[in-house]
Amino acid sequence: MSKIALISRDMRPGGTQKAVLALMYFLLEKGNDVTLYLQNNEGDWLEKVPANVKIKEMVFTKNRYRFWVEVSLPKWEKYLRKKMNAIFCLKKCLTKRGIHEFLLKHCKKVEESYDAVLEVFGWGFFTTPFAAEMIPARKRALWFHGENVRWAQNVERYLNRFDAFYCVSESVKHKLEAFRPKYSERCKVLHNFIDINEIREKAEKAPEKDDCGQVCNGLRIVSVARLAHEKRIDIAIEAAAVLKLHGVDFHWFFIGNGPLSEELQKLIKQKGLESCVTLLGFRANPYPYMKECDIFVQTSQEEGYSISILEAKVLGCPIVATDIAANAEQITNGENGWLVPLSADAFAAKLEELARNPQERQRLRESVTKENINFSKDYWVLEELFAESP
């Protein structure tokens, strides 16, 4: 049994927090002692944290410092430039390390020691310097969830404190090795964990609302994604417009919320798609919708390792996704799904083909259902970290 500290910014619903929870469950299943350290002890998913996991919040000397760490470094630098003209601030605070170094001086160091600190959140937030400097531990690891790894420069001075950099896919690993070659030997692939049994159990439950069955008699298309630019939901909506023009009987449901919600709703109205495209918003349990769909679609322009695709595979969904490196690690084109270029016409063409070919959809469903999805190899990657001598 290992004594492990997991680090996250908070437990608000999100892809990274979902990865934190799944890893937590897996570590507990293997008999480890887990403590969860949060930058902010908040979020709807706190209720998902098992009772035998200790939750601790970072302690600051004054409350205002907690507010400061809420803001990402680029936004904080922009704020300082706008609000302050002092040369000291420009020289000291606007460096890659200045703000984090300042905040560490006002954060209380953890007294308890651990076998391993797993900084699962990443993305250049204060969680990384906190994991590097404030928790006594034998080993440390830092997660990289996406192909955009340039955020590492915001925590550059702390990287050498980590024994391993866990990349959620080969494509992310290649990006990190190219960006920081000196750390290549520490870079390892560790796929995000998911709770397969929980997903299948939740998929059997009734949807939160009967908002699919009430409006759809044709082909059911489902996408689960944050409504943000990198997910390219705009291209999905453009593809829906092409499908409607070609006379395909369908309804496309989007599950998720995000900063582009209003903009995308306006695009749906502009294209006259209100009768066949619906933004459902956040759903705590998206799996009944996924299980009942005819096709699962992912239009991201970049991914680390798509959890939504992995979940769709667990539920036996026919999948159409963007032809990018990370997706190609999960989908063999034409065998257990289809990969297409990131364009409305390409997605529309493939979806129309599948809409008119139920036999092909069934073949894809049978193919993906046969896959053996497990995380034994990934856990051994963690075991290597725990077992290594100091």
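Numbering of residues starts from 1 in each chain and follows the order in which that chain's sequence is written. With pLDDT at 70 or above as the cut-off, local features in this predicted model cover only qualifying residues; side-chain atom pairs require 80 or more to be listed or tallied, and sums for whole chains, interfaces and linings still use all residues. To get the side-chain values, take all heavy atoms of the structure and skip hydrogens and water.

Participant: Just checking my understanding: could you explain the overall build of the protein for this structure?
Facilitator: When you go through the protein residue by residue, the secondary structure sums to 16 helices and 13 strands. Only C-alpha atoms enter the radius of gyration; for comparison, a globular chain is expected to reach 2.2 Å times N to the power 0.38, where N is the number of residues. Relative to the compact-globule value of 21 Å for 390 residues, the protein shows a C-alpha radius of gyration of 22 Å, a close match. Accessibility here uses a 1.4 Å probe with only protein chains present; expressed as a share of the type maximum, an area under 20% marks a residue as buried, one over 50% as exposed, and anything in between as partly exposed. Here the protein, with 390 residues, has 54% of them falling under the buried criterion. About 18,000 Å² of surface is accessible on the protein, with carbon and sulfur atoms providing 48% of the total. A run of H or I in DSSP counts as a helix once it spans at least four residues, and a run of E counts as a strand once it spans at least two, with each numbered from the N terminus. Areas reported as accessible are Shrake-Rupley estimates using a 1.4 Å probe. Residue values count occlusion only from the protein chains shown.

Participant: Looking at this structure, I do not really get the pattern of salt bridges. What am I missing?
Facilitator: Side-chain pairing between opposite charges can occur once the charged atoms of the two side chains come close. Each reported salt bridge corresponds to a side-chain nitrogen of Lys or Arg within 4 Å of a carboxyl oxygen of Asp or Glu. Here the structure, examined in full by the defined rule, presents 21 salt bridges. Here Lys350 ties to Glu353 by a salt bridge, and the two come within 3.3 Å at their closest N and O atoms. Of the two residues, Lys350 and Glu353 are both situated in helix H14 (residues 344–355); the distance of 3 residues between them amounts to about one turn of the helix. You can call Glu353 partly exposed: its relative accessible area is 40%. Here the residues in one salt-bridge network are Lys3, Lys56 and Glu112, joined through shared partners.

Participant: Before we go on, may I ask you to explain helix H1 (residues 15–29) in this structure?
Facilitator: An α-helix turns once every 3.6 residues. As a result, residues three or four positions apart point the same way. By this rule the span expected of a helix is its residue count minus one, scaled by 1.5 Å. Here H1 contains 15 residues, and its C-alpha end-to-end distance of 21 Å stays within 8% of the 21 Å for a straight helix at 1.5 Å per residue. Counting buried positions along H1 gives 11 out of 15 residues, so the element sits mostly inside the fold. Every buried residue of H1 is accounted for by Thr16, Gln17, Ala19, Val20, Leu21, Ala22, Leu23, Met24, Phe26, Leu27 and Leu28. A contact between two residues is defined here by any heavy atoms of the two lying within 4.5 Å. If you follow the buried residues of H1, they end up packed against strand E1 (3–8), strand E2 (33–38), strand E4 (114–119), strand E5 (137–144) and helix H16 (376–387). Phi turns positive, to about 85°, at Gly31, one or two residues after H1.

Participant: Please explain the sheet that holds E1 as it appears in this structure.
Facilitator: Backbone-to-backbone hydrogen bonds pair the strands of a sheet. The strands run either parallel or antiparallel. A pair of strands is labelled paired if DSSP reports no fewer than 2 bridges between them. Taken together, 7 strands build an open sheet; the order of strands is E3-E2-E1-E4-E5-E6-E7 and the sheet is parallel. Edge positions in the sheet fall to strand E3 (54–57) and strand E7 (187–189), since each has one partner strand and no second. Each adjacent strand pair in this sheet contributes to an overall mean axis angle of 25°, direction not counted. With 6 bridges joining them, E1 and E2 adopt parallel strand pairing. By the bridge assignment, Ile7 is partnered in E2 with Tyr37. Every angle, taken between N-to-C directions, lies between 0 and 180 degrees, and every axis is a line fitted to C-alpha atoms, over only the stretch in contact when it is a helix.

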